[in-house]
Amino acid sequence: PMHSALKRDGVPLYKLARKGESVARLARRVRISALETIRYQPPYLELRVRCSKGTYIRTLAEDIGAALGTCAHLAALRRTASGQFRVEDAASLEALQALSEPERAQRLLSVPALLRELPRAQLDAEQEARFRNGQALKSFPEQGLCAVYGADGGVIGLGQADAGGALRPVRLLSQAADKHR
């Protein structure tokens, strides 16, 4: 959709849309693994969608409307899960603030738990020093986003490995945060 963070010539589409501009956009392949009717009270249709990343639900609604020979848009949108995370496992900020420090520490997920579904890149001390200084590292077979672990086994951040095997820093934890791993 035009109101998205996808970029055209380095400019997010939403910035172009705010200027009243519209540009042609290529269709993207997505996977809809489940599409369930929850409630239908004309003219409202409530659906549950299980889909791949990169799916724009607003665009899906427009496509469903077009397939039905009419138009459609979203009245509401709620993400109930993303990867391993489920809304029923979430806690509000107010609920967390009401907990004691030990209770809060038990409730919050550790950084390694947050990253457990990502591929792991393990660095030795020399590699860790270079990576923390923003340098790309060579010879990483796993392509894509990965959790990067330092010589002591703790998470130091996220890296992106390209097709050529170069691992580049994306986000790094401060060394002061190490005690909270």
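Residues numbered from 1 in each chain as written. Predicted model: local features only at pLDDT ≥ 70, side-chain atom pairs only at ≥ 80, totals over all residues. Heavy atoms only, no water.

J.: I tried to follow the environment of lysine 53 on my own but got confused; where do I start?
T.: Within the secondary structure layout, lysine 53 lies in the loop between strand 4 (44-51) and helix 2 (57-67). On a C-alpha basis, the gap between lysine 53 and glycine 83 in space is 9.2 Å, while along the polypeptide they are 30 residues apart. (Helix = DSSP H or I, 4+ residues; strand = E, 2+ residues; numbered from the N terminus.)

J.: Before we go on, may I ask you to explain the sheet that holds strand 10 (residues 167-172) in this structure?
T.: One open sheet holds the four strands; their spatial order is 7-8-9-10, and the pairing between them is mixed. Looking at which strands have only one partner, the edges of the open sheet turn out to be strand 7 (120-122) and strand 10. Neighbouring strand axes in the sheet, compared pairwise and without regard to direction, differ in orientation by 40 degrees on average. The pairing of strand 9 (residues 155-161) with strand 10 spans five bridges and is classified as antiparallel. Paired with glycine 157 across the two strands is leucine 172, which belongs to strand 10. (Pairing = 2+ DSSP bridges. Axes fitted to C-alpha atoms, helices over the stretch in contact; angles between N-to-C directions.)

J.: Help me understand the layout of surface pockets in this model?
T.: What the second largest pocket holds in volume is close to 250 Å³. Across the lining of the second largest pocket, the residue classes tally to six nonpolar, one polar and four charged. (1 Å grid on protein atoms, 1.4 Å probe; cavity = no way out; pocket = protein on both sides within 12 Å on 5 of 7 lines; lining within 4 Å. Points joined across faces, edges and corners; volume = space filled by probe spheres on them. Nonpolar A, V, L, I, M, F, W, Y, C, P; charged D, E, K, R; others polar.)

J.: Which parts of the structure should I look at to understand the packing of aromatic side chains?
T.: To describe a pair of aromatic rings, you give the distance between the ring centres and the angle between the ring planes. Using the criterion set out here, one finds zero aromatic pairs in the structure. Cation over ring: arginine 120 sits above tyrosine 149, and NZ or CZ is 3.6 Å from the ring centre. (Phe/Tyr/Trp six-rings, centres within 6.5 Å; stacked < 30°, edge-to-face > 60°. Lys NZ or Arg CZ within 6 Å of the ring centre and 35° of its normal.)

J.: Got a minute to help me understand the confidence of the model for the protein in this structure?
T.: In low-pLDDT segments, the atomic positions of the prediction should not be examined closely. Here the protein averages 91 in pLDDT, while 97% of its residues score no lower than 70. Taken element by element, the predicted model of the protein shows its lowest mean pLDDT in strand 1 (residues 7-8) (88) and its highest in strand 3 (residues 32-41) (96). (pLDDT = per-residue confidence, 0-100.)

J.: Would you mind showing me how to read a nonpolar patch on the surface here?
T.: Taken together, the side chains of Val30, Ile32, Leu35, Tyr40, Leu45 and Leu47 define a hydrophobic patch exposed on the protein surface, amounting to about 510 Å² of accessible area. Among the elements of the structure, strand 3 and strand 4 are those that each provide at least two residues to the nonpolar patch. Looking at the nonpolar patch element by element, the count peaks at three residues for strand 3. Within the secondary structure, leucine 45 sits in strand 4. (Patch = residues over 30% accessible without salt bridge, like charges linked within 9 Å, V, L, I, M, F, W, Y side chains within 5 Å. Areas by Shrake-Rupley, 256 points an atom, 1.4 Å probe, with all protein chains shown as cover. Salt bridge = Lys/Arg side-chain N within 4 Å of Asp/Glu carboxyl O.)

J.: What should I look at first to understand the pattern of salt bridges in this one?
T.: Once the charged atoms of two side chains with opposite charge are near each other, the side chains can pair. Following the criterion strictly, the structure yields five salt bridges and no others. Residues arginine 104 and glutamate 101 are paired through a salt bridge, measuring 2.9 Å at the closest nitrogen-oxygen approach. Pair noted here: arginine 104 and glutamate 101 are both in helix 4 (residues 101-107), with a separation of three residues, about one helical turn. Residue glutamate 101 is classed as exposed on the basis of its relative accessible area, which comes to 54%. (Buried < 20%, exposed > 50% of the residue type's maximum accessible area, 1.4 Å probe, protein only.)

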